[in-house]
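Structure assessment
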Amino acid sequence: NGEVIPLNELPDEIKFEINGKKIFLTHGHLQRVKSSLNELEIRAKEEEVDICIFGHTHRELEIEKDGILYLNPGALQDKKYIIYDGKIFNQKTLP
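Let me begin by describing the structure that accompanies this report. Everything quoted here is computed from the prediction, not taken from an experiment.

Basis of the calculations
- Residues numbered from 1 in each chain as written.
- Predicted model: local features only at pLDDT ≥ 70, side-chain atom pairs only at ≥ 80, totals over all residues.
- Heavy atoms only, no water.
- Pairing = 2+ DSSP bridges.
- Helix = DSSP H or I, 4+ residues; strand = E, 2+ residues; numbered from the N terminus.
- Axes fitted to C-alpha atoms, helices over the stretch in contact; angles between N-to-C directions.
- Contact = heavy atoms within 4.5 Å.
- Buried < 20%, exposed > 50% of the residue type's maximum accessible area, 1.4 Å probe, protein only.
- Salt bridge = Lys/Arg side-chain N within 4 Å of Asp/Glu carboxyl O.

Right, let's talk about the sheet that holds strand 1 (residues 13–18) for a bit. Here five strands make up an open sheet; going across it, the order is 1-2-3-5-4 and the pairing mixed. Only two strands of the sheet have a single partner each, and these edge strands are strand 1 and strand 4 (60–65). Strand-to-strand twist of the sheet, defined as the mean angle between neighbouring strand axes without regard to direction, takes the value 15°. Examined bridge by bridge, strand 4 and strand 5 (residues 68–73) share six bridges and lie antiparallel to one another. Paired with L61 across the strands is N72, a residue of strand 5. Here helix 1 (residues 38–46) sits on the sheet and contacts strand 1, strand 2 (21–26), strand 3 (51–53), strand 4 and strand 5; the angle it forms with strand 5, its principal contact strand, is near 125°.

To continue, consider unusual backbone geometry. It is generally the case that most residues other than glycine have a negative phi and that most peptide bonds are trans. Positive phi, normally seen in glycine, also occurs at R32, with a value near 50°. For R32, the position within the fold is in the loop between strand 2 and helix 1. Even without being a glycine, E48 presents a positive backbone phi close to 55°. Along the chain, the position of E48 falls in the loop between helix 1 and strand 3. Overall, E48 belongs to the exposed group, its relative accessible area being 58%.

Our next topic: the pattern of salt bridges. Across all of its chains, the model carries seven salt bridges by this definition. Here E13 ties to R43 by a salt bridge, and the two come within 2.7 Å at their closest N and O atoms. Of this pair, E13 sits in strand 1 while R43 sits in helix 1, and the two are 30 residues apart along the sequence. Overall, E13 belongs to the partly exposed group, its relative accessible area being 24%. Owing to a relative accessible area of 22%, R43 belongs among the partly exposed residues under this scheme.

Here it is as structure tokens:
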């Protein structure tokens, strides 16, 4: 709708569904992902999601554990992003 929401007004966690896949999106700082993924894994299981997307570490990651796909696209400052086509995620790099 073109509405701009200031970053400080966005929620820390968002859960939504695309093509029947439940997705949990978080920055990752609340789950202390720089230390380990344990708290993130617990949170993703609590939310009963298929996919968990996070950041904070600025390191690319794509792993599947206990039926949940964990994705970290890396750092936008490194010109990296992810596209979801409804079936798979593809990591891209800007020229």
